[in-house]
Amino acid sequence: VLVGRKEEIEKYLGEDRSNIEIVDARDIITMEDDPSTATRRKKDSSMTVALTMLKNGEGDAMVSAGSTGALLTGATLIVKRIKGVRRAAMAPGPQIPTAGGRAVLCDCGANAECTPEYLLQFAYMGSFYARRMMGLTQPRVGLLNIGAEETKGGALQHETYKLLKKASEEGRINFVGNVEGSTMLLGGVDVVVSDGFSGNIVLKTAEGVAKWLFTELKEVFMMSTKNKLAAAVIKGDVKGIAKKIDPNEVGGTAFLGISKPVIKAHGSSGDEAFFAAIRQAMAFAEADIVSDIENNIDYMKISEEA
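Here the residue numbering is sequential within each chain, running from 1 through the sequence in written order. Under the rules for a predicted model, residues below a pLDDT of 70 receive no local features and side-chain atom pairs below 80 are neither given nor counted, while totals for whole chains, interfaces and linings still include all residues. Remark: hydrogens and water are excluded; side-chain values derive from all non-hydrogen atoms of the structure.

**A few points about the overall build of the chain**
- Numbering of helices and strands runs from the N terminus, with a helix taken as a DSSP run of H or I at least four residues long and a strand as a DSSP run of E at least two residues long. Of the regular secondary structure elements, the chain holds twelve helices and eleven strands.
- Note that the radius of gyration is over C-alpha atoms, with the globule rule given as 2.2 Å times the number of residues to the power 0.38. Its C-alpha atoms give the chain a radius of gyration of 21 Å, near enough to 19 Å, the size a compact globule of 306 residues would have.
- Each principal axis of the C-alpha distribution contributes one length, and for the chain these read about 70 × 60 × 35 Å.
- For the chain, contacts bridging at least 24 residues in sequence account for 66% of all contacts bridging at least 6.
- For the area figures, the Shrake-Rupley method with a 1.4 Å probe applies, and any residue is considered shielded solely by the protein chains shown. With the model as given, the accessible surface of the chain reaches about 16,200 Å², and the carbon-plus-sulfur share is 53%.
- Under the counting rule used here, the positive set is Lys and Arg, the negative set is Asp and Glu, and His together with the chain ends is not counted. To locate a charge, the coordinates of NZ of Lys, CZ of Arg, CG of Asp or CD of Glu are taken. Taken as two groups, the 37 positive and 40 negative side-chain charges of the chain have centres that lie 1 Å from each other. The contact definition used throughout considers only heavy atoms, calling two residues in contact when any of these lie within 4.5 Å.

Take a look at the structure:
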């Protein structure tokens, strides 16, 4: 189902429309709109209409490349969080490429300021995502920190460490301790728990390093005839590595904790990237991660006495 200005959408559709429905929505939420009020003020925007349809069961998942803040706020206000979830978290998908495969980073930008309870819930939700979307039976959970020792970090990390350790001892998650950014990229864990501020910096830094590295490699390969011949020999292998970090392959970012699947595609997504985001939304809906969260929410909360 495509939501937006009907006449604009129809310009790009081919002859076969048998599997496509268009829902007309006249307004648009721009990047200049206040994310906290955009969906409430613009009731006829494509984002608001699509979120309302998702809430009413007229879709199983939603994909949008619009304003991240407006989409997260709209999903929270319209579709609602799962009962008991304190904050929705953003988890880049499919996942972050690492030396050992891939890892889930939760949160990667939705919540700049967090409490230990938020991070506890991120750990559970990231674990459910890793189990369902990555096929891992016991995903290794690490707490992003400035060192591996239990004493590292500030009050937030210390308190969160205790909660994650307790959950691990109870057999609910597989917490392996603190993890540094370098260890994360080398495949030390499957789920990285972080506040959105730190997580976003890690994500963007990793993306920047990858782009820089391939730029440098390209320059090296073009330096001489010998290097060009070497490049030709390993071209296929290099393409395989590049594919792992290609934004077009990533798809989008899942909002974990929302009662129905919502995927945020990048604003600069091309056709391949948007296709990957739709594919991710389908997989997310079929995985039924929402049920996992609902069935375990009592373990994801800190009691009043605590």
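**Brief notes about the packing of helix α3 (residues 46–55) against helix α4 (residues 68–79)**
- At a minimum axis separation of 10 Å, α3 and α4 run at an interaxial angle of 35 degrees. Handedness of the crossing formed by α3 with α4: right-handed. Across the interface between the two elements, Met47, Thr48, Leu51, Thr52, Leu54 and Lys55 of α3 pack against Ala70, Leu71, Gly74, Ala75, Ile78 and Val79 of α4.
- The class makeup of the residues in the contact of α3 with α4 is eight nonpolar, three polar and one charged. Geometry is summarised by axes, namely lines fitted to C-alpha atoms with helices restricted to the contacting stretch, and by angles between N-to-C directions that run from 0 to 180 degrees. Two helices cross in a left-handed way if the nearer one is turned anticlockwise from the farther one by less than a right angle. They cross in a right-handed way if the turn is clockwise. Think of it as three bins: nonpolar holds Ala, Val, Leu, Ile, Met, Phe, Trp, Tyr, Cys and Pro, charged holds Asp, Glu, Lys and Arg, and polar takes everything else, Gly as well.

**What about the state of the cysteines?**
- When two cysteine sulfur atoms are found within 2.5 Å, that pair is recorded as a disulfide. One pass over the structure, following the stated rule, counts zero disulfides.
- Between Cys106, a cysteine without a disulfide, and Cys108, which holds the nearest cysteine sulfur, the sulfur-to-sulfur distance is 7.9 Å.
- Three labels apply to residues, based on accessible area from a 1.4 Å probe with only protein chains included: buried if under 20% of the type maximum, exposed if over 50%, partly exposed otherwise in between. Given the relative accessible area of 0%, Cys106 is considered buried.
- We note that Cys114 lacks a disulfide partner, and the nearest cysteine sulfur, in Cys106, lies 9.4 Å from it.

**Points about the sheet that holds strand β8 (residues 174–179)**
- For two strands to pair, DSSP has to find at least two bridges joining them. Pairing is mixed in the open sheet, where five strands are placed in the order β5-β6-β9-β7-β8. Whereas interior strands pair on both sides, the edge strands pair on one side only; in this sheet they are β5 (96–98) and β8. Between one strand and the next, the sheet's axes are offset by a mean angle of 30 degrees, whatever the strand orientation.
- Inspection of the sheet shows strand β7 (residues 140–144) paired to β8 by five bridges, in the parallel sense. The residue bridging Val141 from the neighbouring strand is Phe175, located in β8.
- On top of the sheet, helix α5 (residues 116–134) reaches β6 (101–106), β7 and β9 (191–193); it is set at about 150 degrees to β6, its chief contact.

**A look at a nonpolar patch on the surface**
- Think of a patch as exposed residues, more than 30% relative accessible area, with no salt bridge, where like charges cluster within 9 Å and nonpolar side chains (Val, Leu, Ile, Met, Phe, Trp, Tyr) cluster within 5 Å. Put simply, a salt bridge is a Lys or Arg side-chain nitrogen that is within 4 Å of an Asp or Glu carboxyl oxygen. A contiguous nonpolar patch, built from Val209, Trp212, Leu213 and Leu217 and spanning about 370 Å² of accessible area, is present on the exposed surface.
- For Trp212, the location among the structural elements is in helix α8 (residues 196–221).
- The exposure class of Trp212 is exposed, given its relative accessible area of 51%.

**Topic: the pattern of salt bridges**
- Tallied over the full model, the rule gives twelve salt bridges.
- Ionic pairing is found between Asp292 and Arg132, a salt bridge with its closest N-O pair at 2.7 Å. Of this pair, Asp292 sits in helix α12 (residues 289–296) while Arg132 sits in helix α5, placing them 160 residues apart in sequence.
- Owing to a relative accessible area of 15%, Asp292 belongs among the buried residues under this scheme.

**Quick notes on unusual backbone geometry**
- Here the amide bond leading from Cys106 into Asp107 is cis, since omega sits at 25 degrees, within 30 degrees of zero.
- Along the chain, Asp107 falls in the loop between β6 and α5.
- We note that Lys80 has phi near 80 degrees; this positive angle belongs to a residue other than glycine.
- For Lys80, the position within the fold is in the loop between α4 and β4 (89–92).
- The phi dihedral of Asp288 falls on the positive side, at around 55 degrees, and the residue is not glycine.
- With respect to the helices, strands and loops of the structure, Asp288 is situated in the loop between α11 (271–287) and α12.
- Taking the relative accessible area as the measure of exposure, Asp288 reaches 38% and is therefore partly exposed.

**Here's the deal with the sheet that holds strand β3 (residues 62–64)**
- Read across the sheet, four strands follow the order β3-β11-β10-β4 without closing on themselves; strand pairing throughout is mixed. Each edge of the sheet is formed by a strand with only one pairing partner; in this case those strands are β3 and β4. Shown here is a sheet whose adjacent strand axes are inclined to one another by a mean of 30 degrees, direction ignored.
- Both β3 and strand β11 (residues 262–265) contribute to a ladder of three bridges, which runs parallel. Among the inter-strand pairings, Val63 is bridged to a residue of β11, identified as Ile263.
- Strands in contact with α4 are β3, β4, β10 (252–256) and β11; relative to β11, the strand with the most contacts, it is inclined by about 175 degrees.

**Quick look at the nonpolar core**
- If you look at the biggest cluster of nonpolar residues, it comprises 40 residues, and the most contacted ones within it are Phe122, Met125, Val193, Leu256 and Ile293.
- Broken down by element, this core gets its largest block of residues, ten residues, from α5.
- Residues in contact with Ile293, not counting those within four places in the same chain, are Ile82, Val85, Met125, Phe128, Gly257 and Met300.
- Judged by nonpolar contacts, the second largest core, of 28 residues, contains Ala50, Val79, Ile96 and Val262. As used here, the term nonpolar core means buried Ala, Val, Leu, Ile, Met, Phe, Trp, Tyr and Cys residues forming a set that is joined through side-chain atoms within 4.5 Å.

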